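# Breakdown of the fold
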Amino acid sequence: MNDLKQLAQNLMELDDQMVACMKCGMCQAVCPVFAETMQEADVTRGKIALLEKLAHEMVRDADQVNEKLNRCLLCGSCAANCPSGVKIMDIFMKARVIVTTYKGLSQTKKMIFKGLLTRPKLFNFLTEMSAKFQGPFTKVADQASGASSCAMLNPLIGERTFMPLAKRPFRKDYPQLDTPRGTSGLKVAFYPGCVVDKMFPQVGHAAIKILEYHGVGIFLPKAQACCGIPTLASGDSDTFVDLMKQNVKAFENGTFDYLVTPCATCTATIHETWIKMIDTEDAVFKDKVQAIADKTMDINAFLVDVVGVKAPSELSKGGKVVTYHDPCHLSKSLGVTAQPRALLKSNQSYEFKEMNEANRCCGCGGSFNLYHYDLSKKIGERKAENVRDAGADVAATGCPACMMQLSDMLAQSGGGVEVKHVLEIYADSIK
Amino acid sequence: MSNAKLAKEFEKIVGAGGVMHEEADLHAYSYDSAVLDPQVPALVIKPSNTEQLGPITKLCNDNGLPLTVRGAGTNLSGGTIPHPGGVVLLTNGLNKILEINEEDLYAVVEPGVVTAQFAAKVAQRGLFYPPDPGSQAVSTLGGNVAENAGGLRGLKYGVTKDYVMGMDFYDVNGDLIKSGSRTVKCVTGYNLSGLMVASEGTLGVFSNIILKLVPPPKASKAMMAVFDDVQKASETVAAIIANHIVPCTLEFLDNATIRYVEDYTKAGLPTDAEAILLIEVDGHPAEVIDDAEKVVNICNKIGAIAVQAAETAEEREALWTARRNALPALARAKPTTVLEDATVPRSQIPAMMAGLKKIAEKYKLDIGTFGHAGDGNLHPTILCDNRNKEEFHRVEEAVNEIFDVALSLKGTLSGEHGIGMAKSKWMEKETSRATLDYSLRMKKAIDPKGILNPGKIIGG
Ligand SMILES: Cc1cc2nc3c(=O)[nH]c(=O)nc-3n(C[C@H](O)[C@H](O)[C@H](O)COP(=O)(O)OP(=O)(O)OC[C@H]3O[C@@H](n4cnc5c(N)ncnc54)[C@H](O)[C@@H]3O)c2cc1C
Ligand code: SF4
Ligand code: SF4
Ligand code: SF4
């Protein structure tokens, strides 16, 4: 599609939702991007105003609007705080799809999304190969957070320090699982998500250890794929639906009470976003997606609210100070804030200390981090400062994407602070 | 000069990063929180320090470029809708608190400091800045001064004008004008800062503002009185004032507002009540106990079905959060919310409420009303869809009539939201032709070319 009229017409579909924005400007108070740039086009109401104007053909430069639209972490802070209840995330996601359909997907993204993500086997193979050969190209920048910096010049990576790919992905150890219900009488489908699988396999191992300890049966199907959010955030709804279909197929053969994931972003995507993007699919498929969405739960919430975990063992008190960063997708989209803290506090060998602005986005935002690293870094630096002000030895969180960002920011600001998933700390208390 | 050339000239003052001229950026500054048609400026200028303000106004004046200053753009009367082809000047980056003087109880701020952040900073020093507009989480002090913003505490503590001790501002020639001082008393010359308050960017551009601070009250008590009848609630407001009790806050919410606010804030408001009053008394602990008791008695006497006191700080905060979100929460009801702030003497609130009820019936419109009842400052809010032309026409008629009723009750067009573009055509009706002429002569003397925010307050 290349017709501006058509673009405008498609955007008009969002008009009923956009008109609910009364331009009160209260989103300025919470938007991390606006806090850095203080420009109206970078905050929600500005983006909505621009989309409205594109829809009404008052603005004709779709590229500029697209660029503004992408200067957004999709963190949902504005949606969670919008007094008028504007469905901001739905508007932004759908607008990205509409504008991308108009502009066409970039070659790189086409290659990654359509050529790689939709072929999990190829994706796994390539990342494994890269893990083997990444050694010479990276150097460890900070022992504590495990971040590496790039030894070679790479324009996309720049000064970042980043997590190296794990030597052995999680799925290599657990290609599939189907264990019966144990003492808990419960069984879950486990969805590790790509980042845990390929970068933080230890989080997957921690999850398995905890579930087994609490007598929870596990169904881990062989052929699960990425949850799709990177593709949707880039406006590629076709690949998004394709990936969703692969996952639905993988999970429909198992019996389970809940689907749990250790990744805040995956949880929010499966629980909330999947169903919103399949208007044109048939009813049978919709029912299948809805059924999975209804069962999907953050693993911290599952452990605390459903399994009802208690501190598994008495550990010696004191020791390291741990603080907790609320991943946006857990706190703002799903309202999960108390459960991860409860898990952290239950490991008595750590001392829990709340940081300032724990609920403020870390600035990662998926590909936002790639394309707007300067902004992402500024937002992340404030997070790192808050972690340090809390006097933390360990920064814990519930989203592997946040773990990547925290590692980078803490490494760059001097290192010395470990970054861990809540599950790792809880699993440590299980003997 | 062409826009490109002008942009270059501005860049000499503020640097290349301080000038925006892309279509998308310009459109992002074409609107504010008012329900009015947007207008696209030619350039948006973002200075990085207050010294740049003078050269900017001068360049605009020399080139006949209309100049609209913008803080957070949350005003509700179109004060920041730019002149097409003009310049928008952003002050939100000028946000340093230059001084907080604990001994002499004042602070000096740049105009872009966010109100709530300022209040929090002075509170950390054990001081109090009372003006708290509902938009305080984002609105700027410059914007507050230019609109003479009020807030929930206006009844006892007054509004922004009561806290402006002085200021520096740039005139249209780029000259720095100084008014007021750091002393409580200052009668040197004309009260120019008084003139600047509520000037809505039409007389000068504020750079530094000197604000009065006060000691915080030692104690306070917040209460909620629930009514099954709107008239009883408004009579209670009049009775509290008539009994010479001055709560710091006395707010009114009608049933529609209560329902939408509760839906958003989950503060535990009684959604079946016809009206509630949120009342807070503060001051010396003994006085607070005494006043609270009197308030409860008055509420009960007139017929409140319940009076509940907030027992904890959280409960109190929940009430105020609920109230502060009244407007945006009402906006959930329908696509468009037309909010008015016609204000009447407090004793006339029951009459005003009766008038509003009639207007809603006559024009078949959904009107939710809330507001600073203690000040007589009500916010009848018409819930509509401005895409529906026929309905919106009825809205405009209703708004006319709301002003007529308010003026007939010896009230005013605006208690706090300013005149901007939205109400300039009613100015003569409230005041007089001579008053308007006087204002026009003053504006002409200060800004002969009509550069500073043209079209606002006095029209033209
Ligand atoms: C949800 C909501 C609740 C609100 N609640 C209240 C309330 O309780 N009480 C109330 O009074 N108002 C309220 N308002 C209206 C609005 O927030 C106030 O008028 C506020 O003072 C505007 O501040 P601002 O920084 O957004 O100014 P802007 O809207 O940016 O500007 C307002 C006017 O000030 C001028 N101006 C700004 N800065 C300067 C400067 N440095 N020099 C010269 N002129 C300048 C502008 O040109 C414009 O005319 C509310 C608005 C919203 C959206
Ligand atoms: S807070 Fe919500 S209604 Fe207000 S401007 Fe932002 S998106 Fe619009
Ligand atoms: S989603 Fe986050 S970054 Fe994007 S506009 Fe909303 S608050 Fe800002
Ligand atoms: S990485 Fe975490 S904190 Fe950052 S946007 Fe994603 S979920 Fe939010």
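Residues numbered from 1 in each chain as written. Chains lettered and ligands numbered in written order. Predicted model: local features only at pLDDT ≥ 70, side-chain atom pairs only at ≥ 80, totals over all residues. Heavy atoms only, no water.

## Structural notes on the packing of aromatic side chains
- For the structure shown, the criterion picks out eleven aromatic pairs over all chains.
- Ring plane angle 55° and centroid distance 5.3 Å describe the contact between Tyr258 of chain A and Phe302 of chain A, whose orientation is recorded as tilted. With Tyr258 of chain A in strand β7 (residues 258-261) and Phe302 of chain A in helix α17 (residues 299-307), this pair connects stretches of sequence that are 44 residues apart.
- Overall, the relative accessible area of 0% leaves Phe302 of chain A in the buried class.
- Geometrically, the ring pair formed by Phe118 of chain B and Tyr129 of chain B is edge-to-face, given 5.1 Å between the ring centres and 70° between the ring planes. (Phe/Tyr/Trp six-rings, centres within 6.5 Å; stacked < 30°, edge-to-face > 60°. Helix = DSSP H or I, 4+ residues; strand = E, 2+ residues; numbered from the N terminus. Buried < 20%, exposed > 50% of the residue type's maximum accessible area, 1.4 Å probe, protein only.)

## Quick word on the pattern of salt bridges
Residues and elements named next belong to chain A.
- The tally for this structure, following the rule as stated, stands at 50 salt bridges over all chains.
- Lys288 is the partner of Glu252 in a salt bridge, and the nearest nitrogen-oxygen pair spans 3.0 Å. With a gap of 36 residues between them, Glu252 in the loop between α14 (237-251) and β7 and Lys288 in helix α16 (residues 283-295) connect regions that are remote in the sequence.
- Residue Glu252 is classed as partly exposed on the basis of its relative accessible area, which comes to 40%.
- On the basis of relative accessibility, which here comes to 34%, the residue Lys288 falls in the partly exposed class. (Salt bridge = Lys/Arg side-chain N within 4 Å of Asp/Glu carboxyl O.)

## Quick look at the interface of chain A and chain B
- Taken together, the contact pairs 32 residues of chain A with 36 residues of chain B.
- Between chain A and chain B the total buried area reaches about 2700 Å² when both faces are included, carbon and sulfur atoms providing 54% of it.
- The interface formed by chain A and chain B holds four salt bridges in total.
- With a shortest N-O distance of 2.8 Å, Asp15 of chain A and Arg387 of chain B are connected by a salt bridge.
- Connecting chain A to chain B are 20 residue pairs in polar contact (both at pLDDT 80 or more).
- When residues of the side of chain A that touches chain B are traced back to their parent elements, those giving at least two are α2 (15-18), α3 (32-37), α4 (44-55) and α5 (62-70) of chain A.
- The dominant element in the side of chain A that touches chain B, judged by the number of residues it contributes, is α4 of chain A, at five residues.
- The class makeup of the residues in the side of chain A that touches chain B is 14 nonpolar, nine polar and nine charged. (Contact = heavy atoms within 4.5 Å. Buried area = accessible area lost by both parts, 1.4 Å probe. Polar contact = N/O pair within 3.5 Å; in protein donor to acceptor, adjacent residues only side chain to side chain. Nonpolar A, V, L, I, M, F, W, Y, C, P; charged D, E, K, R; others polar.)

## Some thoughts on the site of ligand 3
Residues and elements named next belong to chain A.
- In the vicinity of ligand 3 lie 13 residues, with Cys31, Cys72, Leu73, Cys75 and Cys78 positioned nearest.
- Where the shell around ligand 3 is concerned, the elements lending two or more residues are α3, α6 (77-81) and α7 (88-103).
- Along the lines of polarity and charge, the residues of the shell around ligand 3 split into ten nonpolar, three polar and no charged. (Near = heavy atom within 4 Å.)

## Some words on the sheet that holds strand β2 (residues 43-45) of chain B
All names here are of chain B.
- Taken in spatial order, the four strands line up as β1-β2-β4-β3 in an open sheet, and their pairing is mixed. Sheet topology places β1 (19-20) and β3 (67-70) at the edges, where each strand pairs with a single neighbour.
- One ladder, built from two bridges, connects β1 with β2; its direction is antiparallel. From the neighbouring strand, Met20 faces β2, where its bridge partner is Val44.
- Relative to β2, helix α1 (residues 3-14) is tilted by about 0°, and along the sheet it contacts β1, β2 and β4 (87-90). (Pairing = 2+ DSSP bridges. Axes fitted to C-alpha atoms, helices over the stretch in contact; angles between N-to-C directions.)

## As for α4 of chain A
All names here are of chain A.
- When the terminal C-alpha atoms of α4 are compared, their 16 Å separation across twelve residues agrees well with the 16 Å that a helix rising 1.5 Å per residue should span.
- Most of α4 is tucked away, with twelve of its twelve residues classed as buried.
- Among all positions in α4, only Thr44, Arg45, Gly46, Lys47, Ile48, Ala49, Leu50, Leu51, Glu52, Lys53, Leu54 and Ala55 are buried.
- Immediately beyond the C-terminal end of α4, within one or two residues, lies Glu57, with a positive phi of roughly 55°. (Expected span 1.5 Å × (residues − 1).)

## Describing the site of ligand 4
- Near ligand 4 you find His325, Cys328, His329, Cys361, Cys362, Cys364, Gly365, Ala401 and Cys402 of chain A, and these make up its full shell.
- For the shell around ligand 4, the per-class residue count stands at six nonpolar, three polar and no charged.

## Things to note about the packing of helix α13 (residues 349-362) of chain B against helix α14 (residues 389-408) of chain B
All names here are of chain B.
- In the contact formed by α13 and α14, the axes pass within 10 Å of each other and the chain directions differ by 160°. Put simply, α13 runs roughly antiparallel to α14. Considering how the two elements wind past one another, α13 and α14 form a crossing that is right-handed. In this structure, α13 contributes Met352, Leu356, Ile359 and Lys362 to the contact, and α14 contributes Ala398, Glu401, Ile402, Val405 and Ala406.
- Tallied by class, residues from the contact of α13 with α14 come to seven nonpolar, no polar and two charged. (Parallel < 35°, antiparallel > 145°, perpendicular 65-115°, else oblique. Left-handed = near helix turned anticlockwise from the far one by under 90°.)

Interpretation in functional terms is not warranted from these geometric data alone.
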